[in-house]
Amino acid sequence: MVDYTTPVTTAFEMQRATIEQSQKALEQSVAFQQNINEAVIDSLDTQESAQRRGVELSKTAFHSYLDAIETTVPGVAGTLEEIRTAVDEQYDFLLENHAEAFDNVESELLEGAEAYDEMADDYVAAVSEQVEMLVEAHEELESQSVEVAEQFGDQLEEVQEQVEEIQAQVEEVQAQAADAVEA
């Protein structure tokens with residue numbers, strides 16, 4: 001007996017494997033985006049610290065400049081002290097705003113990442129549920145297709161047997177006719 005179901009079964013298995021691989025790819029891409037979001041948020045502290053050091057270095061450089069003026073220009077000490085006080089106040093204000101801005105950015109990014117994670121998790125769960133339903137329907141279709149292929153194979157074998165019987169009868173009749181012609 002010839003197995004007519006192997007190609008059908010193989011095709012369905014390949015289709016299911018493709019569906020499952022696509023689902024895994026989707027899950028991996030969502031996880032990758034979640035990892036990127038986490039990395040960005042984790043890097044904020046480093047960025048804030050580096051920028052704070054840059055501002056503090058600028059303040060130190062400005063104070064060094066004022067020190068250089070004070071040592072080279074006589075009689076400006078009082079004026080320079082007022083400038084130092086004003087500059088220190090501005091730098092303190094800048095650093096305070098800088099910290100507040102980073103706190104706000106981090107807070108907003110955390111909220112956005114949490115919302116994305118929740119939405120992505122819901123999406124992946126919905127897709128997984130749909131894929132599960134699709135695979136079940138696909139398996140049912142495969143079962144029906146295999147049954148049809150088996151029935152086709154059985155019918156084909158019956159037809160082939162009938163053809164062989166008719167062919168044997170034809171050969172027998174031809175042999176009888178040949179014997180009758182010879183006699």
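The structure contained in this document is the topic of the report that follows. Within every chain, residues take consecutive numbers counted from 1 along the sequence as written. This being a predicted model, a pLDDT of at least 70 is required before a residue's local features are given, and a value of 80 or more before pairs of side-chain atoms are given or counted; all residues contribute to the totals for chains, interfaces and linings. As a rule here, side-chain values cover all heavy atoms of the structure and leave hydrogens and water aside.

1. A word on the overall build of the protein
Right, on to step 1. Along its length, the protein carries 2 helices and 0 strands.
Right, on to step 2. In this treatment the radius of gyration is a C-alpha quantity, and the globule benchmark scales as 2.2 Å times the residue count to the 0.38 power. Over its C-alpha atoms the protein spans a radius of gyration of 42 Å, topping by over 25% the 16 Å that the globule rule assigns to 183 residues.
Right, on to step 3. Projected onto its principal axes, the C-alpha coordinates of the protein cover approximately 150 × 35 × 15 Å.
Right, on to step 4. Only protein chains enter the accessibility calculation, which uses a 1.4 Å probe; a residue whose area is less than 20% of its type maximum is buried, one above 50% is exposed, and one in between is partly exposed. Taking all 183 residues of the protein together, 19% fall into the buried category.
Right, on to step 5. The contact definition used throughout considers only heavy atoms, calling two residues in contact when any of these lie within 4.5 Å. Considering only contacts within the protein whose residues lie at least 6 apart along the sequence, 86% involve residues at least 24 apart. Numbering of helices and strands runs from the N terminus, with a helix taken as a DSSP run of H or I at least four residues long and a strand as a DSSP run of E at least two residues long.

2. Digging into the packing of aromatic side chains
Right, on to step 1. Think of it this way: a Phe, Tyr or Trp ring, Trp meaning its six-membered ring, pairs with another when their centres are within 6.5 Å, and the plane angle makes it stacked under 30 degrees, edge-to-face over 60, tilted otherwise. Counted by the stated rule, this structure contains 1 aromatic pair.
Right, on to step 2. Judged by centre distance (6.3 Å) and plane angle (40°), the rings of phenylalanine 62 and tyrosine 65 are tilted. With a gap of 3 residues between them, phenylalanine 62 and tyrosine 65 both fall in helix α1 (residues 6-72), about one helical turn apart.
Right, on to step 3. Taking the relative accessible area as the measure of exposure, phenylalanine 62 reaches 31% and is therefore partly exposed.

3. Points about a nonpolar patch on the surface
Right, on to step 1. Nonpolar side chains collect at one region of the surface, where Phe32, Ile36, Val40, Val105 and Leu109 lie side by side and expose about 400 Å² of accessible area between them.
Right, on to step 2. Those elements that place two or more of their residues in the nonpolar patch are α1 and α2 (77-182).
Right, on to step 3. Counting residues per element, the nonpolar patch draws most heavily on α1, at 3 residues.
Right, on to step 4. Tracing the backbone through its elements, the reader meets leucine 109 in helix α2. Patch membership requires over 30% relative accessible area and the absence of a salt bridge. Like charges are linked within 9 Å, and nonpolar side chains (Val, Leu, Ile, Met, Phe, Trp, Tyr) within 5 Å. Throughout, the Shrake-Rupley method with a 1.4 Å probe supplies accessible areas, and for residues the shown protein chains are the sole cover considered. Salt bridges are defined by distance alone: a side-chain nitrogen of Lys or Arg within 4 Å of a carboxyl oxygen of Asp or Glu.

4. Overview of a negative patch on the surface
Right, on to step 1. Charge counting follows a simple rule: Lys and Arg are positive, Asp and Glu are negative, and His as well as the terminal groups are ignored. Think of each charge as sitting on NZ of Lys, CZ of Arg, CG of Asp or CD of Glu. Taken together, Asp3, Glu147, Glu150, Asp154, Glu158, Glu161, Glu164 and Glu165 make up a surface patch of like negative charges.
Right, on to step 2. Structurally, glutamate 158 is set in helix α2.
Right, on to step 3. Among the residues examined, glutamate 158 registers a relative accessible area of 47% and is labelled partly exposed.

5. Some remarks on the environment of glutamate 147
Right, on to step 1. Within the fold, glutamate 147 resides in helix α2.
Right, on to step 2. Sequence separation between glutamate 147 and tyrosine 123 is 24 residues; the distance between their C-alpha atoms is 36 Å.

6. Details of the environment of serine 22
Right, on to step 1. Within the secondary structure, serine 22 is located in helix α1.
Right, on to step 2. Linking serine 22 and glutamine 151, residues 129 residues apart in sequence, is a C-alpha distance of 33 Å.

7. A few points about the pattern of salt bridges
Opposite charge on two side chains allows them to pair when their charged atoms are near.
Right, on to step 1. Tallying each qualifying case throughout the model produces 6 salt bridges.
Right, on to step 2. In this structure, the salt-bridge partner of arginine 52 is glutamate 56, at a minimum N-O distance of 3.9 Å. Residue arginine 52 and its partner glutamate 56 are both found in helix α1; the two are separated by 4 residues, about one turn of the helix.
Right, on to step 3. The salt bridge partner of lysine 59 is aspartate 92, with a shortest N-O separation of 3.7 Å. A residue pair is termed long-range when its members are at least 10 positions apart, and lysine 59 in helix α1 and aspartate 92 in helix α2 qualify at 33 residues.

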